[in-house]
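Descriptive analysis of the structure
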Amino acid sequence: MASDQTSLSGSDAPAEQVEVLLRLVRSGEEANINLALLLAEGLGNPVRFQQFLDELLLLYQLAFKSQLQQLNAAAIARLFQLTRLEIRGRTLITLPESLGELHRLETLTCYKNQLQALPESIGKLQNLQSLYCDNNQLLSLPESLGHLQNLRTLSCANNQLQALPESIGQLLQLRVLYCYGNLLRALPETLGALQNLQQLNCASNQLQIMPPSIGRLHSLQRLECGNNQLHTLPESIGQLQNLQNLDCSYNRLQTLPESIGQLQNLEDLRCDSNQLQALPESLGQLPNLQEFSCRFNSLQALPESLGGLQSLQQLYCNNNQLKALPESLGQLKSLKRLFCHVNQLQALPESLGALQNLQAFGCASNQIQILPESLGGLQNLQQLSCDHNHLQALPKSLGALQKLWALSISTNQLQALPESLGQLHSLQRLDCGNNHLQALPESLGQLRSLQELYCNENLLQALPESVGQLKNLKELVCYSNQLQALPESLGKLRNLQKIFCPFNLLQALPKSLGRLQDLQNLFCSYNQLQALPKSIGQLQNLKELHCNNNSLQALPENLGQLQNLQVLKCANNQLQALPESLGELQKLRRLFCSSNQLQALPESLGYLHRLETLDCENNQLQAFPESLERLLHLKTLDCSNNPVQALPESLEALQNLQILYCASSQLRALPESIGQLGSLQKLNCTNNLLQALPESLGKLRNLHTLFCSANELKVLPESLAELPSLTKLDVRNNRLTHIFPSLRQKPELELLVDE
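Computed from a predicted structure; not experimentally measured.

What counts as what
- Residues numbered from 1 in each chain as written.
- Predicted model: local features only at pLDDT ≥ 70, side-chain atom pairs only at ≥ 80, totals over all residues.
- Heavy atoms only, no water.
- Helix = DSSP H or I, 4+ residues; strand = E, 2+ residues; numbered from the N terminus.
- Contact = heavy atoms within 4.5 Å.
- Lys, Arg positive; Asp, Glu negative; His and termini not counted.
- Charge placed at Lys NZ, Arg CZ, Asp CG, Glu CD.
- Axes fitted to C-alpha atoms, helices over the stretch in contact; angles between N-to-C directions.
- Parallel < 35°, antiparallel > 145°, perpendicular 65-115°, else oblique.
- Nonpolar A, V, L, I, M, F, W, Y, C, P; charged D, E, K, R; others polar.
- Expected span 1.5 Å × (residues − 1).
- UniProt positions renumbered as here; feature names shortened; annotations may be inferred.
- Phe/Tyr/Trp six-rings, centres within 6.5 Å; stacked < 30°, edge-to-face > 60°.
- Lys NZ or Arg CZ within 6 Å of the ring centre and 35° of its normal.
- Left-handed = near helix turned anticlockwise from the far one by under 90°.
- Buried < 20%, exposed > 50% of the residue type's maximum accessible area, 1.4 Å probe, protein only.

1. Observations regarding the overall build of the protein
Broken down by element type, the protein carries six helices and 30 strands. Its C-alpha atoms put the protein at 110 × 80 × 50 Å along the principal axes. Across the protein, the fraction of contacts at a sequence separation of at least 24, relative to all contacts at a separation of at least 6, is 23%. Positive and negative side-chain charges of the protein, numbering 53 and 64 respectively, have mean locations separated by a distance of 5 Å.

2. Considerations on the packing of helix 2 (residues 14-26) against helix 4 (residues 47-64)
Axis separation between helix 2 and helix 4 bottoms out at 9 Å; the angle between their running directions is 25°. As far as their axial angle goes, helix 4 and helix 2 are roughly parallel. From helix 2, A15, V18, E19, L21, L22, V25 and R26 reach across to helix 4, where they touch R48, F49, F52 and L56. Residues that form the contact of helix 2 with helix 4 fall into these classes: eight nonpolar, no polar and three charged.

3. Section: helix 3 (residues 30-42)
The end-to-end C-alpha distance of helix 3, which contains 13 residues, comes to 19 Å, matching closely the 18 Å that a straight helix rising 1.5 Å per residue would cover. One or two positions beyond helix 3, positive phi appears at G44, with a value near 80°.

4. Considering the UniProt feature "domain: Disease resistance R13L4/SHOC-2-like LRR" (unreviewed entry) in the protein
The sites that UniProt annotates as "domain: Disease resistance R13L4/SHOC-2-like LRR" (unreviewed entry) are residues 66-157, 212-294 and 507-617. Helix makes up 9% of residues 66-157 and strand 13%, whereas the separation of the span's terminal C-alpha atoms amounts to 29 Å. Helix makes up 0% of residues 507-617 and strand 14%, with an end-to-end C-alpha separation of 26 Å.

5. Structural notes on the packing of aromatic side chains
Here the structure, examined in full by the defined rule, presents six aromatic pairs. With 4.4 Å between their ring centres and 10° between their planes, F503 and Y526 make a pair best called stacked. Pair noted here: F503 is in the loop between strand 19 (498-500) and strand 20 (521-523) and Y526 is in the loop between strand 20 and strand 21 (544-546), with a separation of 23 residues, a long-range link. Through a chain of ring-to-ring contacts, three or more aromatic side chains come together here, namely Y479, F500 and F523. Over the aromatic face of F64 sits the side chain of R78, whose NZ or CZ is 3.7 Å from the ring centroid. Its end group placed over the ring of F500, K498 keeps NZ or CZ at 5.5 Å from the ring centre.

6. Quick word on the packing of helix 3 against helix 5 (residues 73-80)
Axis separation between helix 3 and helix 5 bottoms out at 9 Å; the angle between their running directions is 130°. The pairing of helix 3 with helix 5 is recorded here as oblique in orientation. Seen along the crossing, helix 3 lies across helix 5 with a hand that is right-handed. Across the interface between the two elements, E30, I33, N34 and L37 from helix 3 touch A73, A74, I76 and A77 from helix 5.

7. Some details on the environment of L128
Turning to its location among the elements, L128 is positioned in the loop between strand 2 (107-109) and strand 3 (130-132). Judged by relative accessible area, which is 0%, L128 ranks as buried. With 236 residues separating them along the chain, L128 and A364 place their C-alpha atoms 53 Å apart. Setting aside chain neighbours within four positions, we find L128 in contact with L105, E106, T107, L108, L148, N150 and L151.

8. Let's talk about the side chain of S525
Examined against the element boundaries, S525 turns out to sit in the loop between strand 20 and strand 21. Among the residues examined, S525 registers a relative accessible area of 5% and is labelled buried. Residues within four places of S525 in sequence aside, it is in contact with C501, P502, F503, H546, C547, N548, N549 and N550.

What follows is the structure in C-alpha cells.
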C-alpha cells in the first residue's frame, strides 16, 4: 500500500493517477478501497473513476438486489469478494461491462432473462468455472469466452444462437457443454480440441452435420444430438472410446456408421425416429451396451450379430417394419425388457424362451398367429402384452410363467384359453377382451392374486362359478358379451370395487350382490333387467349406479340406504315413479332419470343438497315439487319434453344454475324471477307456447346462449341487447314483427332469425 501511495503522490499525469485509484479498488481490500475513495475525493473525483464506480454500483444492485444509491468501501469490497453471482429471472436485456471486474467469480448464473448478448469483458473472469446463461435471447457468444481457461461448465441452452465462437476450442478445462434448443447449423471444428469434455448436448438445433473433429473428444462420456437435421454421423465417432451414452434420435439418419461397433464403453444407444432401414453388423460388438432403442424407423430386420450384446438389458425396436426377429435373440442372457410392437412380425423365434432374465415382453400390433411353446421358459417374465395380433390359441406352457402378473391378449382371434392359465398364481391383471371366447376356463378361479379381469367384447354366455374364488378381484369388466346372468358366487368377492357389465342379455342381478361391501361402481346399463335386487341397498360404499336402458319398472325403496352414492343413471327404463327414499342420498351429485314414464318427482328431492345435475327430460311431468328450490348447488336442469305448463317462481333460489333446458314442453310463459339466476349461461326454451319473454332476462349477465325458436313470440325484450355475454340467439319460427336494431347490431352475436 505504501508503494501505491508513493506512486500516486509522485505522479504528474491524471491518467496515471486514475490507474492507481483503479488498482487500489480492484485489489478488493477494504482498506485500499477506502484509501482510493479518499484520494479520489482529493482529486475532485475524476470522471473516469466516477464512471467506474457507477458501473460497479449497477453491478452491486444486480448482485444483491439492492436499492443502494452510493457505494462505500465495505460494499465495494463485498462485491469484489463474490465467488458466485446469480441474477436469474430479472428480464434483463444486458449485463454491465463491469462484470469482468469480478476476478474472484467462479459461478455465474444469468438464465431466464432476456439477454441478447453477453459483455465482452466476461473473458476477464479468469477464475470462472461455471457459466449458466440458458433461456435468454442470445444471438451469439463473445469471442472472449475462449479466455476462460478454468471454465468447466458452459450452459447456453434455449437461446437463439446461430453459431458457437471458434474460440470455444480454447476452453481446455471444459467438462460440460449444453447448447441445446438453439438455431445452430453447425458446430465449430475447434470443438475437437476440448480434450476434457465429458458431456455434450447439442440437441434441438438445426445441425445438418457433425464435425469430424468430434472424434478427438477422447474424454466424452455423453453425446446428445437428437432433434436436428443430421443425415449421417461421422465415422470418427468410433474413436470416442469413453462414450457411454449416445442419443441421435429425431434426425434424418438413414444409416449408422460401421465404426459405432468400436464404442467399447457405450451403455445406452438411442436412435429413435430416424429413417434407418438397416443397422450395421458391428452393432453386436458393443460389450457394455445395456439399453438400445431404435423405435420409429423403417427397419425391416435386426442384424444377426445382435446376439453378441451380452450386457443388453433393454431393447426397444417397436414401430418399424420388422418381419422377423433374429434367432440370435435368445443369446441375450441379460435382457430384461423387449418391446417389438407395431411391426409386421408373423412369428417369434423359438429361441425367445432362452431369455431367462426377461421381465417384460411386448409384441402387440403385429401379425403373429402363434406363440412359441418355448415361451414357458421365461421364468422371470412379469408382463406379457401381445394384443392386436392374429392369435388363435395360447401355448399350454403359458402356465409355467409363475412370476407373470400382467397378461394382455386382447383383440386377437382366441376361441378358448388354456386350462393351464389357472397356474399363473402371481397374475394380477388379465385382459382377454375383444376375442372370440365362448367360455372362460374353470381353472380361472385358481388365480388368487387376480385384481383386474377384462373379458369384454367376446361371445361369453356365462362366467364360471369359480369366479367367486378370486378373493382379490377389484375390477370385473365383461361388457358386450351374451351373458344372461352373473354367477351367485360373485357375492364372495369381498374386495370387488367395480362391475362393468353393460350390453349383455342380463335379466336379473344376483341376490348375493349385496355382500359386495367394497363395491363402488356398478354399471349394468343396456341389458334386459326388469328389477334390481333388494340387496342392492346394502352396498354402503357404492358411488355410481348405472342401470339405464333396461326394462326397470321401479327402483327398490331401500335405494336411500346408499349413503355414498354420487351418480345415479336410471334413464330409458319404464319407471313410473322414483322412491321417496331418494331424498336420503345425501351425497348424490348427478341424477339422470330421463326417458321414463314419470308423472311426478318425489317431494324428498329437495333434500339432495349436493345435487348438481338433474336430467328428467322426456317424461310425463306436469309440475315440479316445491322442494326444488332447496337444490342450491344445482348447476344443470333438463326438464325438456314434458307436459309442464309452467316453471315455479321459486326457481330464483337456484343461484348456481348454469344450464336450463325446458324445450318441447307446454310453457306459456317463463317466470319473471328467472332474471335472478345470476349464474345462468344457457337457456333452451325451444318449441313451447311462449308469447313473450320476461324483461328480467336482461339481468342474466352470464347468459351466452338463448334458444327460443318455435314459439309464438311477437316481440323480444329490448333488455336482451344489454346481455354482455350473449353470443348466440335463436328466435326462428316465431311471429316476430320487429327486432330492435340494438340487438341486430350487437357485436359478436350470432342472431338466427327468419328474414
